[in-house]
Structures are given as structure tokens and as C-alpha cells.
Amino acid sequence: MKLNKLALATLCLGLSSSVFAADYNLKFGMVAGTSSNEYKAVEFFAQEVKDKSQGKIEIAIFPSAQLGDDRLMLKQLKDGALDFTLAESARFQIFYPEAEVFALPYMLKNFDVAKKAVLETNFGKNLFAKINKELGVSVLSIGYNGTRQTTSNRPINSIADMKGLKLRVPNAATNLAFAKYVGATPTPMAFSEVYLALQTNAVDGQENPLPTIQAQKFYEVQKYLALTNHILNDQLYLISNETLDELPDDLKAVVKEAALKAADYHTKLFVDGENELIAFFQEKGVTVTKPDLAPFKAALQPYYDEYLKKNGEVGKQAVEEISELAK
């Protein structure tokens, strides 16, 4: 990072520092690429920080996993080698298994529930206090990152239509569980292979947020879209504690306020995009269905039971508190 040594030396000499770029040069690493909503929101964040700090902070963005995957970037935050990154709340299950609750299918009714689950429940507060202390990472804000839906080569009007559907999913426990328990055949596959697999009917369908379905042009090879709303994705704006501790109070406030604004913009991009994309897909000849989701959620109960068995009292607390928010 961090404090620009040349600027510091200049200040010590009593010269104007205005001719130099910034006092703090920070790095923001992310997995998503430059065409993504995430990148647009992070650009907004970087510009907001620069403007409100009057150029004292410059943030360089490293998209497309240039600095490694999200797990590696979280480690870099802990070590102070990276200043900012994005991660879903559920991603912390790689360190704390109970965090899987944030990705349990049908656990999060909407983004308002997701936000409160992280920021307002005792479970969420305790978990992220532990993350702060043990991983050296602080949460600046939380944005909405889309809800996963299902495309297929045949219509899905009810859970019965999922039976035997060869469904491509990422190799992640909650996505595999969704496919398995609703009667589909889960088929893990590299993301880069999905389009061809759909085109050749090697798989019958896939599941992703609507912006991803559009960006990857899956609508060209899938003519049915079911709004299964099975996993809601959030996105946390994270900062290294080492970075935060080095900033003076006025610049801490700038960064925190900018992160809140960026998360709101992030959310708006996804909400507006999802609203517009339904019409976009229909214009492309895709048939959109809205199956009754109650049977889908009921079918996942055995997986909820597995989660509770693995995580004991803390898992029970998580499910109970988040379920209460959804009432």
C-alpha cells in the first residue's frame, strides 16, 4: 500500500505535496471482469474515495482474478498485501463452516433479509467479529449480487419437471444440493465449458444469476428460463485491518462512506438489471416460467438437517434467527 513514501519525504522537506499523485496508493482485487456490474461498482467506489479524499487516496483495481481467486485475496488482506476485495458472505464457510447458512437454498428470502442476517442477527455479528479478529478483515458494506435462476432445454413449470434434468452446477456444496434434492442430476463442470455443453445437449440446463445468463449468451442455446430463485448472492466490500488502521480518522470515514454508496449502487445495478432482463430474454424467444417454489424449499429440508447436524448450536442459532427475519 500504503502511504506514498515520496509524498512523505516531500512533506518532511516542507515542500508542497500537491505535485505528487496521492498519499495512499491502495489496491482492490476482484474475481469479476471489467464488463461486470461488480467492476462498475468498484470503479464507482474508487472514484468516490479519490474525490472525497481530495486525491489523498488512489485505488488501483485488479479485476479478472489477476491477484488470485477470492480465497487467495482474503489471505492477502489478512497479510496486509492487499487492501480491498469482494466476497460473498457464504464464502467464509471455507474458514467457518457455519457461514454456509448464507447460501442454503431458499434460506434468504430477499436482499433485505440477507443484509440483516449479516449485520443485525447475533449470529452474523458474532461471525464477522470473529472474522475481524482472526482473519484481519473488516466489512465495510454489503450489496446485492443477484439471485440464481435455472435455464433448460425443456419447460420447468413445477418441481416435477426437474426430475432427471441434467443440471450443470459449480462444484459447490449448496449448488450441488439444490440440484440433487429437487430431483435433477447435478453435473459439475468448468464454467468455460457450459455454453458448448448446453449447445450439444451434454447437459440439459444450468443455473446462474440473470446477468450471467445474459453475459454468457446462454439464451442462444436454452429456450426456457425458470425463476427458481434458489440462492441469493450478496457481495461484501472488505478491507484489510492493517490498511484501515493506517488511515487517519478522516480518511477512514471517507472510505467507509464511499463503500456504503458503492454497495447501494452495486445493488441498484443488479436490481435494475434483473427487472430489465426478463423482458430481454422474452424478446430473444425464451419462455419464462414461475413454478411454485414451496415444494422446492420443502425438498431441501434434508440438506438443512445436514447443515444443523454439522454445525450444532451455532448452526441452529443461524437458521432460527434468519428464518425469523423472513417472517
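Our subject is the structure listed above.
Residues numbered from 1 in each chain as written. Predicted model: local features only at pLDDT ≥ 70, side-chain atom pairs only at ≥ 80, totals over all residues. Heavy atoms only, no water.

## Considerations on the packing of aromatic side chains
Aromatic rings considered in pairs are described by the distance between their centres and by the relative angle of their planes.
Part 1 of the reasoning: Within this structure, the stated rule accounts for 17 aromatic pairs.
Part 2 of the reasoning: Centre to centre, the rings of Phe92 and Phe128 are 5.8 Å apart; their planes meet at 85°, and the pair counts as edge-to-face. Of the two residues, Phe92 sits in the loop between strand S3 (84–87) and helix H4 (111–119) while Phe128 sits in helix H5 (residues 122–135), which places them 36 residues apart along the sequence. A single burial state applies to Phe92 and to Phe128, both of which are buried.
Part 3 of the reasoning: Ring centres 6.3 Å apart and planes at 80° place the aromatic pair Phe191 and Phe218 in the edge-to-face group. With a gap of 27 residues between them, Phe191 in the loop between strand S6 (185–188) and helix H7 (194–199) and Phe218 in the loop between helix H8 (210–215) and strand S8 (224–226) connect regions that are remote in the sequence.
Part 4 of the reasoning: A connected cluster of aromatic rings, assembled from ring pairs, spans Phe92, Phe95, Phe102, Phe123 and Phe128. (Phe/Tyr/Trp six-rings, centres within 6.5 Å; stacked < 30°, edge-to-face > 60°. Helix = DSSP H or I, 4+ residues; strand = E, 2+ residues; numbered from the N terminus. Buried < 20%, exposed > 50% of the residue type's maximum accessible area, 1.4 Å probe, protein only.)

## Quick word on the side chain of Gln235
Part 1 of the reasoning: Locating Gln235 in the fold gives a position in strand S9 (residues 232–240).
Part 2 of the reasoning: Residue Gln235 is classed as buried on the basis of its relative accessible area of 7%.
Part 3 of the reasoning: At 3.3 Å, the side chain of Gln235 forms a polar contact with the backbone nitrogen of Ala87.
Part 4 of the reasoning: Only 3.4 Å separates the side chain of Gln235 from the backbone nitrogen of Glu88, close enough to count as a polar contact.
Part 5 of the reasoning: Those residues in contact with Gln235 that sit more than four places away from it in its chain are Glu38, Leu86, Ala87, Glu88, Ser141, Ile142, Gly143, Asn145 and His266. (Polar contact = N/O pair within 3.5 Å; in protein donor to acceptor, adjacent residues only side chain to side chain. Contact = heavy atoms within 4.5 Å.)

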